[in-house]
Amino acid sequence: MELDGKACAAVGQNGLMALYDTLFSQLDMSSAQLLVTDNDFRDLEFRRQLNETVKTLASLKVIPIFNENDAVSTRKAPYEDSSGIFWDNDSLSALLALELKADLLILLSDVEGLYSGPPSNPNSELVHTYVKERHEGVITFGDKSRVGRGGMTAKVKAAVYAADAGIPVVITSGFAADNILKVLNGKRIGTLFHRDAKKWGPLGEVGSRGMAVAARESSRRLQAMSSQERSKILMDIADALEANEKQIIAANEDDVAEAQQAGYEISLVSRLALKPGKVSSLANAVRVLANMEEPVGRVAKRTELSEGFILEKLSSPLGVLLIIFESRPDALVQIASLAIRSGNGLLLKGGKEARRSNTILHKVITSAIPKNVGEGLIGLVTSRGEIPELLKLDDVIDLVIPRGSNKLVSQIKASTKIPVLGHADGICHVYVDKSANMDMAKRIALDAKTDYPAACNAMETLLVHKELVQTGALNDLIMELQVKGVAIFGGPRASSLLDIPEAHSLHHEYGSLACTVEIIDDVYAAIDHIHQHGSAHTDCIITEDNEVAEVFLNGVDSAAVFHNASTRFCDGFRFGLGAEVGISTSRIHARGPVGVEGLLTTRWIGRGSGQVVNSDKGVVYTHKDLPLQG
């Protein structure tokens, strides 16, 4: 039996409104149903009454819910007939937005917004701002949703219609929590349609994928250059930094002033500021990298596979790096110079608090890159909203290195298939053994905690041998720290014995003038404690007993382990790497401070003389190790 669609619509409308009533009543709100047809809008009196009714409902805090009155509509086939003033809910919403003079129209979809191609295609990118002159005729639409009439095509048509008439429109997902509130709060989600969009950026502006592809293409041209040519680029960058020092400092001072006015923490403002002499110091660091031994194409192994067939294992760039960092504009210079030295393409996303500094530094650096390589070698990502799109590009971006808070690093790791190099926590330990020189122990503990409390290599937990409690040495240590303003919290044992506040967790990174103190039995207990509560970053032992020191150095499974030295030495510059892109606690690829070598991988080059496999019958393998220099 074929049912009458219009009769079904009449029944369905009743059920739909019952659902709305139930949902809105949970928010102590009332809803009202307004059914319209295409012909209604041809009547001026109807349109006047429509406005008055909606104004009254709004004044009463009642939510008006519009729908086409399909039960009495003269439209013959609602899902096929697109004639008239409106033809589906999307076009009806655009019409109502204009009629009611709305401030904003939000169209909810089953996907995040408008994509450059079908959302199911992994190469499709979310279009954050629709520019008619750029996107019309270029975007490929996928199949429409199984519900509704027109799918994304209808939504875009309605959005363009409303935007051209002056109503801003955002298409976003109706499945994500709080998306309407996010749009109203100005968050960069979904796709924005605005009649002035074409004025907001150049028509040639590239998207996330375009930026990443440009970085890869430029990196390949960079790799084809000689070592001397790559070194010259770095020398030119160093000169450009010094030549533009005044503009760089002026931009940085504006960033610092804005951060102070916004009430940022003192530690962040300190990291943000480029102190006197910093630009010259950065330029000199770039020159050091320029003069270092060529890292790309270095032969690690040379083997004769068979007579006349030589195989070489060479160092090679990773490809395209995405570095996300907070606060420190000097990091941009370090990272960019390391990328060029190692032959990699680079995408940079700095914190918004350093946007002026990052912009001028990026401009200065890219201006020194030869045109035959291309400015696209180093791309500057200016919007936080582009990060989710970039993190999807595992076919173009080869490595992500987040530098910042443990929250940032954890979020990045959870949001991408691209390998992530970094550390989520910097919970560094200093263990003071019973045989420690206590004057040395005080110097090291104070330096590890107070030299730069916000650093990831600062001490967060002080472990002390139980015998030092009885000698009073532990009390002396604690007093030295407290005199320097360090707040002391205890582990279960220390808080009980010393009557100090108990730390809420033994796995905690303070990032400030505070630390945890715990008493342990011996070096083996210290190792166990570090493995259970640490983050495999940097840990040190203070002892005069070399056997105990060796047990600690070989037993602690961290990226850096020291004997009688501050944890603050775990740093690319201090390690003699020239600079670092970050510190890694990963066990795959690079570990510890990551300099040029950490941005390289290997590849194989074979030089034969006509060899074929032929089921290994036609070749005699020699597998002879050869000198690295042929």
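Residues numbered from 1 in each chain as written. Predicted model: local features only at pLDDT ≥ 70, side-chain atom pairs only at ≥ 80, totals over all residues. Heavy atoms only, no water.

Asks: So what about the overall build of the protein? Which residues, and what values?
Replies: Secondary structure assignment for the protein yields 21 helices and 22 strands. Taking the principal axes of the C-alpha coordinates as reference, the protein spans close to 95 × 80 × 60 Å. Relative to its 630 residues, the protein shows a buried fraction of 48%. For the protein, long-range pairs separated by at least 24 residues make up 72% of all intrachain contacts whose partners lie at least 6 apart in sequence. Roughly 31,500 Å² of accessible area belongs to the protein as shown, and the carbon and sulfur atoms make up 52% of that amount. Between the centroid of the 66 positive side chains of the protein and the centroid of its 79 negative side chains there is a distance of 5 Å. (Helix = DSSP H or I, 4+ residues; strand = E, 2+ residues; numbered from the N terminus. Buried < 20%, exposed > 50% of the residue type's maximum accessible area, 1.4 Å probe, protein only. Contact = heavy atoms within 4.5 Å. Areas by Shrake-Rupley, 256 points an atom, 1.4 Å probe, with all protein chains shown as cover. Lys, Arg positive; Asp, Glu negative; His and termini not counted. Charge placed at Lys NZ, Arg CZ, Asp CG, Glu CD.)

Asks: I'd like a rundown of the sheet that holds strand 7 (residues 299-306), residues and numbers included.
Replies: Reading across the sheet, the 4 strands line up as 21-8-7-22 and stay open at both edges, with antiparallel pairing between neighbours. The sheet terminates laterally at strand 21 (600-607) and strand 22 (621-625), the two strands that pair on one side only. Direction aside, the axes of adjacent strands within the sheet are offset by 25° on average. In the sheet, strand 7 pairs with strand 8 (residues 309-317) via 6 bridges, with the strands oriented antiparallel. Residue pairing in the sheet places Glu304 in a bridge with Ile310 of strand 8. (Pairing = 2+ DSSP bridges. Axes fitted to C-alpha atoms, helices over the stretch in contact; angles between N-to-C directions.)

Asks: Give me the lowdown on empty space enclosed by the protein, citing residues and values where you can.
Replies: Tallying each qualifying case throughout the model produces 1 cavity of 30 Å³ or more. Within this model, the largest cavity holds a volume of roughly 30 Å³. Lining the largest cavity are Leu282, Ala285, Val286, Leu289, Val333, Gln334, Ser337, Gly578 and Ala579. Taken together, the elements giving at least two residues each to the lining of the largest cavity come down to helix 11 (278-291) and helix 12 (330-342). For the lining of the largest cavity, the element with the highest residue contribution is helix 11, accounting for 4 residues. Here the lining of the largest cavity is built from residues that sort into 6 nonpolar, 3 polar and no charged. (1 Å grid on protein atoms, 1.4 Å probe; cavity = no way out; pocket = protein on both sides within 12 Å on 5 of 7 lines; lining within 4 Å. Points joined across faces, edges and corners; volume = space filled by probe spheres on them. Nonpolar A, V, L, I, M, F, W, Y, C, P; charged D, E, K, R; others polar.)

Asks: Can you break down the packing of helix 9 (residues 245-261) against helix 13 (residues 355-367) residue by residue, with the values?
Replies: In contact at an axis separation of 7 Å, helix 9 and helix 13 are set at 160° when each is read in the N-to-C sense. By the angle between their directions, the pair helix 9 and helix 13 is classed as roughly antiparallel. Remark: the crossing between helix 9 and helix 13 carries left-handed chirality. Mapping the contact onto sequence places Gln247, Ile248, Ala251, Asn252, Asp254, Asp255 and Glu258 in helix 9 and Arg355, Arg356, Ser357, Ile360, Leu361 and Val364 in helix 13. Taken together, the residues of the contact of helix 9 with helix 13 sort by class into 5 nonpolar, 3 polar and 5 charged. (Parallel < 35°, antiparallel > 145°, perpendicular 65-115°, else oblique. Left-handed = near helix turned anticlockwise from the far one by under 90°.)

Asks: Describe the packing of aromatic side chains, naming the residues involved and giving the relevant values.
Replies: For the coordinates displayed, the defined rule picks out 6 aromatic pairs. Ring geometry for Tyr130 and Phe193: centres 4.8 Å apart, planes at 25°, overall stacked. With Tyr130 in strand 4 (residues 129-130) and Phe193 in strand 6 (residues 191-193), the pair connects residues that are 63 residues apart, well separated along the chain. The burial state of Tyr130 is the same as that of Phe193; both residues are buried. (Phe/Tyr/Trp six-rings, centres within 6.5 Å; stacked < 30°, edge-to-face > 60°.)

Asks: Could you give an account of the environment of Lys624, with specific residues and numbers?
Replies: Relative to the helices and strands, Lys624 is located in strand 22. On the accessibility criterion, Lys624 (43% relative accessible area) is partly exposed. For the pair formed by Lys624 and Ser512, sequence separation is 112 residues and the distance between their alpha carbons is 56 Å.

Asks: Outline the pattern of salt bridges, listing residues and values.
Replies: Tallied over the entire structure, the rule returns 32 salt bridges. Among the ionic pairs, Arg298 bridges to Glu597, the shortest N-O distance being 3.8 Å. Placement of the pair is Arg298 in the loop between helix 11 and strand 7 and Glu597 in the loop between strand 20 (592-594) and strand 21, with a sequence separation of 299 residues. Judged by its relative accessible area of 33%, Arg298 falls in the partly exposed class. Close ionic contact of Arg493 with Asp521 constitutes a salt bridge, the shortest N to O distance being 2.9 Å. Here Arg493, found in helix 19 (residues 492-498), pairs with Asp521, found in the loop between strand 16 (514-520) and helix 20 (523-533); they are 28 residues apart in sequence, far enough to count as distant. Here the salt bridges share partners, and the residues they tie into one network are Asp255, Glu258, Arg355 and Arg356. (Salt bridge = Lys/Arg side-chain N within 4 Å of Asp/Glu carboxyl O.)

Asks: Explain the environment of Glu375 to me, using residue names and the numbers behind them.
Replies: Checked against the element boundaries, Glu375 lands in the loop between helix 13 and strand 11 (378-380). Along the backbone, Glu375 and Ile365 are 10 residues apart, and their C-alpha atoms lie at a distance of 9.0 Å.

Asks: Account for the pairing of strand 10 (residues 345-349), with residues named and values stated.
Replies: Summarising burial for strand 10: 5 of the 5 residues are buried, a large majority. Residues Gly345, Leu347 and Lys349 line one face of strand 10 and the alternating positions Leu346 and Leu348 line the opposite face, and both faces are buried. Examined bridge by bridge, strand 9 (residues 320-325) and strand 10 share 5 bridges and lie parallel to one another. Along strand 10, the bridge assignment pairs Val320 with Gly345. Between strand 9 and its parallel partner strand 10, the chain crosses via helix 12, and the hand of that crossover is right-handed. With 3 bridges connecting them, strand 10 and strand 11 associate as parallel partners. Within the sheet, the bridge partner assigned to Leu346 lies in strand 11 and is Ile378. Taken together, strand 10, helix 13 and strand 11 constitute a β-α-β crossover, and its handedness is right-handed. (Right-handed = clockwise from strand over helix to strand, strands pointing away.)

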